[in-house]
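Coordinate inspection notes
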Amino acid sequence: MLVKLNRREHAKASFEAARAIDPKEIVTNSGYARLLIVVGDRERALSLVETILTTQPKNADALAMRGGIHFDLHRYKDAVKDFDAAMKLDPSIHFIAGKRSCQNSISAIGPISPKT
């Protein structure tokens, strides 16, 4: 809610306080990752999503969020893998749209090196 009200610094402090109590709590990490994506700190958001996936490797929302972060970081192959994994668990339309965006980006830039 604080993020929607554009009170990002207060939201950040609240997430950090919650993580101090339980650094693996899924709802906190998910919300904090979303905030970090909004403010452009995708590497840190990726780290939080990895924490979620360590305890819940079949969390479709976390896989899709990681796919979106990989997409934003131009790691299209990783993004497609994450969206595929998310779609196998939950074939929702927003996962399909994310995968299509990755595939369109891959087509637009041509062959991708193994690091991408």
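Here helix α2 (residues 26-38) spans 18 Å end to end across 13 residues, near enough to the 18 Å set by a 1.5 Å rise per residue. Burial in α2 covers these residues: Thr-28, Asn-29, Ser-30, Gly-31, Tyr-32, Ala-33, Leu-35, Leu-36 and Ile-37. Taken together, the buried residues of α2 touch α1 (8-21), α3 (42-55) and α4 (60-72). The N-cap residue of α2 is Glu-25: its side-chain oxygen and the backbone nitrogen of Val-27 are 3.2 Å apart. Gly-40 lies just past α2 and shows a positive phi near 90 degrees.

For the structure on display, the rule yields five salt bridges. For Arg-75, the salt bridge identified is with Glu-43, shortest N-O distance 2.8 Å. Of this pair, Arg-75 sits in the loop between α4 and α5 (76-89) while Glu-43 is found in helix α3, placing the two residues 32 residues apart along the sequence. Among the residues examined, Arg-75 registers a relative accessible area of 24% and is labelled partly exposed. The partner of Arg-66 in a salt bridge is Glu-50, and the shortest N-O contact between them spans 3.2 Å. In this pair, Arg-66 sits in helix α4 while Glu-50 sits in helix α3, placing the two residues 16 residues apart along the sequence. On the accessibility criterion, Arg-66 (17% relative accessible area) is buried. Each of Glu-50, Arg-66 and Asp-82 takes part in a single network of salt bridges with overlapping partners.

A few words on α5. Compared with an ideal rise of 1.5 Å per residue, which puts 14 residues at 20 Å, α5 spans 20 Å between its outermost C-alpha atoms and is within 8% of the ideal. The complete set of buried residues in α5 reads Tyr-76, Ala-79, Val-80, Asp-82, Phe-83, Ala-86 and Met-87. Mapping the buried residues of α5 onto a view down its axis gives an arc of 165 degrees, with all of them on the same face. In α5, the exposed positions angled more than 90 degrees off the buried face are occupied by Lys-81 and Lys-88.

What counts and how
Residues numbered from 1 in each chain as written. Predicted model: local features only at pLDDT ≥ 70, side-chain atom pairs only at ≥ 80, totals over all residues. Heavy atoms only, no water. Helix = DSSP H or I, 4+ residues; strand = E, 2+ residues; numbered from the N terminus. Expected span 1.5 Å × (residues − 1). Buried < 20%, exposed > 50% of the residue type's maximum accessible area, 1.4 Å probe, protein only. Contact = heavy atoms within 4.5 Å. Polar contact = N/O pair within 3.5 Å; in protein donor to acceptor, adjacent residues only side chain to side chain. Salt bridge = Lys/Arg side-chain N within 4 Å of Asp/Glu carboxyl O. Arc of directions from axis to C-beta.

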